[in-house]
Amino acid sequence: MAMKLRVVVSCPCPCRGLGSSARSAREDSWLKSLFVRKVDPRKDAHSNLLAKRETSSLYKLQFHNVKPECLEAYNKLCQEVLPKIHEEKHYPCALVGTWNTWYGEQDQAVHLWRYEGGYPALNEVMSKLRQNKEFTEFRKERGNMLLSRKNQLLLEFSFWNEPVPRDGPNIYELRSYQLRPGTMIEWGNYWARAIRFRQDSNEAVGGFFSQIGQLYMVHHLWAYKDLQTREDIRNAAWHKPGWDELVYYTVPLIQEMESRIMIPLKISPLQ
């Protein structure tokens, strides 16, 4: 006796408020998006296609996991030494922001530096700091306070805001995305449109992608008055036509994601 089988295909990603016909159309568009690129990455490096061409700035993002009993002393030491590097006119670098993680990995310090001139500026600063006796002593003292540390070298997306000093008080959210290899161009194409949905409250601070360190990493930095304001702004984005579609398309590009809520130190240009 012949039997009929019915196969039910479910949506690969949850969507808010989508009807069945709209969902079907978007599933079809999503499948097509896996095979159609708006920019062919084989024609040029990702850094040339996605980064700002009018600047040659390179960014360094540092994560320091501090011994819990040393966090206060660590912050005090950083507040004594880091401004001197930031203000030294012979160093082509600037401290963009420095924070402690509030929610996320605990007893962690995060520093973001900009090197104006790219890799040559980075090399120049590192060479001069190795000859700076105060900095070498700072590194030794700091090293005794740390459990672990890592860094990444980043470029900024061409369509994101320039990270500039701002008054506070604010909390900052660093949202980090580990993308699937080969999907950075798609991410850039979608977020070049998505960022316009997140400008109304001046919450967008900067967007970056990794060049050295953990690769295919994207970092979005946001500023909010407080956690409730963050919640309100993020919820409001879902009421803007087109935001849900862009989220729908970008979710399949992500392998892992992490959110840190951070509090700036007193010396941070981003307050």
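Everything discussed here concerns the structure shown above.
Report follows, based on the coordinates. Fair warning: this is a prediction, and the values are worked out from it, not measured in the lab.

The rules behind each value
Residues numbered from 1 in each chain as written. Predicted model: local features only at pLDDT ≥ 70, side-chain atom pairs only at ≥ 80, totals over all residues. Heavy atoms only, no water. Helix = DSSP H or I, 4+ residues; strand = E, 2+ residues; numbered from the N terminus. Buried < 20%, exposed > 50% of the residue type's maximum accessible area, 1.4 Å probe, protein only. Pairing = 2+ DSSP bridges. Salt bridge = Lys/Arg side-chain N within 4 Å of Asp/Glu carboxyl O. Phe/Tyr/Trp six-rings, centres within 6.5 Å; stacked < 30°, edge-to-face > 60°. Lys NZ or Arg CZ within 6 Å of the ring centre and 35° of its normal.

Here we come to unusual backbone geometry. Here the bond from Gly 168 into Pro 169 is cis, since omega is 5°, no more than 30 degrees from zero. Structurally, Pro 169 can be placed in the loop between strand 4 (146-156) and strand 5 (171-179). In this model, Asn 202 sits at a positive phi of 60°, which is unusual for a non-glycine residue. Relative to the helices and strands, Asn 202 is located in the loop between helix 6 (184-194) and strand 6 (204-212). Given the relative accessible area of 46%, Asn 202 is considered partly exposed. Of note, Tyr 216 is a non-glycine position whose phi angle comes to about 55°, a positive value.

What follows is about the pairing of strand 8 (residues 254-264). Relative to strand 8, strand 2 (residues 93-103) is paired through four bridges, and the arrangement is antiparallel. Within strand 8, the residue paired with Thr 101 across the bridge is Met 262.

In this section: the pattern of salt bridges. Considering all chains together, one arrives at eight salt bridges under this definition. The shortest N-O distance in the salt bridge between Arg 114 and Glu 116 comes to 3.6 Å. Note on Glu 116: relative accessible area 47%, which makes it partly exposed. Across the pair Glu 173 and Arg 230 runs a salt bridge, and its minimum N-O distance is 2.9 Å. With a gap of 57 residues between them, Glu 173 in strand 5 and Arg 230 in helix 7 (residues 227-237) connect regions that are remote in the sequence. Judged by its relative accessible area of 0%, Glu 173 is buried.

Next up on the list: the packing of aromatic side chains. Enumeration according to the criterion identifies 15 aromatic pairs in this entry. When the ring of Tyr 177 is compared with that of Trp 187, the centres are 5.0 Å apart and the planes differ by 50°; the resulting orientation is tilted. Linking Tyr 177 in strand 5 with Trp 187 in helix 6, this pair joins segments that are ten residues apart in sequence. Judged by relative accessible area, Tyr 177 falls into the buried class, the value being 6%. Among the residues examined, Trp 187 registers a relative accessible area of 1% and is labelled buried. Members of the aromatic cluster, joined through ring pairs, are Trp 160, Tyr 177, Trp 187, Trp 191, Phe 197, Trp 222 and Trp 243. Positioned above the aromatic ring of Phe 63, the side-chain terminus of Lys 150 is 5.6 Å from the ring centre.

None of the figures reported here should be taken as evidence of function without further support.
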